[in-house]
Each structure stands twice: as structure tokens, then as C-alpha cells.
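Here is how the chains run, residue by residue.
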Amino acid sequence: MFKIYRIVHIIWTAIFAFYVSIPILESGSLEKTLYVDGLFVLLWILGVIFLFIKKLTKIGFIFTILPLLYAIVLFVL
């Protein structure tokens, strides 16, 4: 059951990681803000890897949530 939750968690956080990566794909140049966007996408990928390592599962959940929190902050501000 927990593995199914991990997969569902990865899918719905992937949507927000993709949302964060859209400016990187559109502009093609690396500005300072794009480094921040890229950092959150890399943290998401690292979080996905950590989700499947038993000792690092909690850190993986936190890392995969970061793009969602970043997207909420960008939307509100």
C-alpha cells in the first residue's frame, strides 16, 4: 500500500515540478531565476530517488513537495 502512495505522490508532484520547469523550457537561456527553477526541479528528482531508499523516505517526501510550495509562492506573490 505504501508503494502505491509513493507512486501517486510522485505523479501529482511531477505536475508541479513540470510547472516550475516551464520557464526553463521556454526561454532557453540561463538567467538567475532559471537557476532557482532548475534547483527545485533537481530537488524533486532527488526526492523521487530518496522515496525508494528506506532510510531516506521522509526526506524524499519533503524534497518532492518543494516544487509545489515554490509554485504556490510564485502564484500568490
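Above this text sits the structure in question.
Residues numbered from 1 in each chain as written. Predicted model: local features only at pLDDT ≥ 70, side-chain atom pairs only at ≥ 80, totals over all residues. Heavy atoms only, no water.

## Quick word on the overall build of the protein chain
Helix and strand content of the protein chain: three helices and zero strands. Start at the N end of the protein chain and walk to the C end: the helices and strands fall as α-α-α. With 77 residues in all, the protein chain has 35% of them scored as buried. Expressed as a percentage of contacts within the protein chain between residues at least 6 apart in sequence, the contacts between residues at least 24 apart total 55%. For the protein chain, the exposed area adds up to about 5,500 Å²; of that, 79% sits on carbon and sulfur atoms. (Helix = DSSP H or I, 4+ residues; strand = E, 2+ residues; numbered from the N terminus. Buried < 20%, exposed > 50% of the residue type's maximum accessible area, 1.4 Å probe, protein only. Contact = heavy atoms within 4.5 Å. Areas by Shrake-Rupley, 256 points an atom, 1.4 Å probe, with all protein chains shown as cover.)

## What to know about the packing of aromatic side chains
In total, this model carries two aromatic pairs according to the counting rule given. Look at Tyr5 and Phe61: their rings are 5.7 Å apart centre to centre, the planes differ by 40°, and that puts the pair in the tilted class. Residue Tyr5 is located in helix H1 (residues 2-27), and its partner Phe61 is located in helix H3 (residues 57-76); the two are separated by 56 residues in the primary sequence. With a relative accessible area of 45%, Tyr5 lands in the partly exposed category. (Phe/Tyr/Trp six-rings, centres within 6.5 Å; stacked < 30°, edge-to-face > 60°.)

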